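Overview (structure and organization)
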Amino acid sequence: MRKLTYFIACSIDGFIGDPDGDASAMLRFVDEEYFAFVREEYPETMPTHVRRAVGFDDPPNKQFDTIIQGRASYDVALKEGVTSPYAHLREYVASRTLRESPDPNVEIVADNLVGKVRELKAEDSEFGIYLCGGSVLAGELIDEIDELVIKTYPIVYGTGMPMFGSGFAVTEFTLESVRSFGNGAVVRTYNRKR
């Protein structure tokens, strides 16, 4: 069974963006040391057009071969004219409003998202599935998430978009690893306690 990994950036107080979802305040923490870590451990989490721009176009996948993202996350790329932001992965966008995909590499999942995720997890593959935001999507899939990779940046928003947009439910995870960086960022990995 493949793992669904929520690989997400957040503030110290657990927000993935400001109240409108803007996370640009976190970008300043992507320094050379941190970028080297992402490039080495999670290269497939960088959008294809970003990889090309930084001269890192064709690294092999290390963790994931499939991505699921929400409509708001996908819209960030669409606003830049990028219809397949993760062309190096199989792309799924969860949306009840976007009925047709603007790109043949992107499949829209409008209904039965949990069923689709379970179908993907049941596939035979050495790679996992990358859950790339947002808050509502993570809340809908909380019971399917097997691993959390939380990139915490040393800022406090005070209020904003939470990591999980869902109702109250206690869900336990076990800490697997912690990596800290000179800029104050910390990456924690948790596995779901089952």
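Presented here is a report on the structure given in the accompanying data block. (Residues numbered from 1 in each chain as written. Predicted model: local features only at pLDDT ≥ 70, side-chain atom pairs only at ≥ 80, totals over all residues. Heavy atoms only, no water.)

Concerning helix 1 (residues 32–41)
Two residues of an α-helix separated by three or four positions point the same way, owing to the 3.6 residues in each turn. Within the sequence span of helix 1, burial applies to Y34, F35, F37 and V38. Buried residues along helix 1 cover an arc of 155 degrees about the axis, so they all sit on one side. Turning to helix 1, the residues buried within the fold contact strand 7 (147–153), strand 9 (173–180) and strand 10 (186–192). A side-chain oxygen of the first residue of helix 1 lies 3.4 Å from the backbone nitrogen of E33; this N-cap is D31. (Buried < 20%, exposed > 50% of the residue type's maximum accessible area, 1.4 Å probe, protein only. Helix = DSSP H or I, 4+ residues; strand = E, 2+ residues; numbered from the N terminus. Arc of directions from axis to C-beta. Contact = heavy atoms within 4.5 Å. Polar contact = N/O pair within 3.5 Å; in protein donor to acceptor, adjacent residues only side chain to side chain.)

What to know about the sheet that holds strand 4 (residues 90–94)
Spatially, eight strands are ordered 5-4-3-6-1-7-10-9 in an open sheet, and the strand pairing comes out mixed. Taken across any chain shown, the strands that pair with only one partner, and hence form the sheet edges, are strand 5 (106–109) and strand 9. Along the sheet, successive strands turn relative to each other by an average axial angle of 25 degrees, direction set aside. The sheet contact formed by strand 9 and strand 10 spans seven bridges and is antiparallel. By the bridge assignment, T174 is partnered in strand 10 with N191. The sheet strands contacting helix 3 (residues 71–79) are strand 3 (64–70), strand 4, strand 5 and strand 6 (128–132), and the helix crosses strand 3 at an angle near 100 degrees. (Pairing = 2+ DSSP bridges. Axes fitted to C-alpha atoms, helices over the stretch in contact; angles between N-to-C directions.)

Examining the side chain of T66
The residue T66 is located in strand 3 in this model. Under the relative-accessibility criterion, T66 is labelled buried at 0%. A polar contact of 3.3 Å, which involves the side chain of T66, links it to the side chain of R2. Not counting residues up to four positions away in its chain, the partners in contact with T66 are R2, L89, R90, Y92, L120, G128, I129 and Y130.

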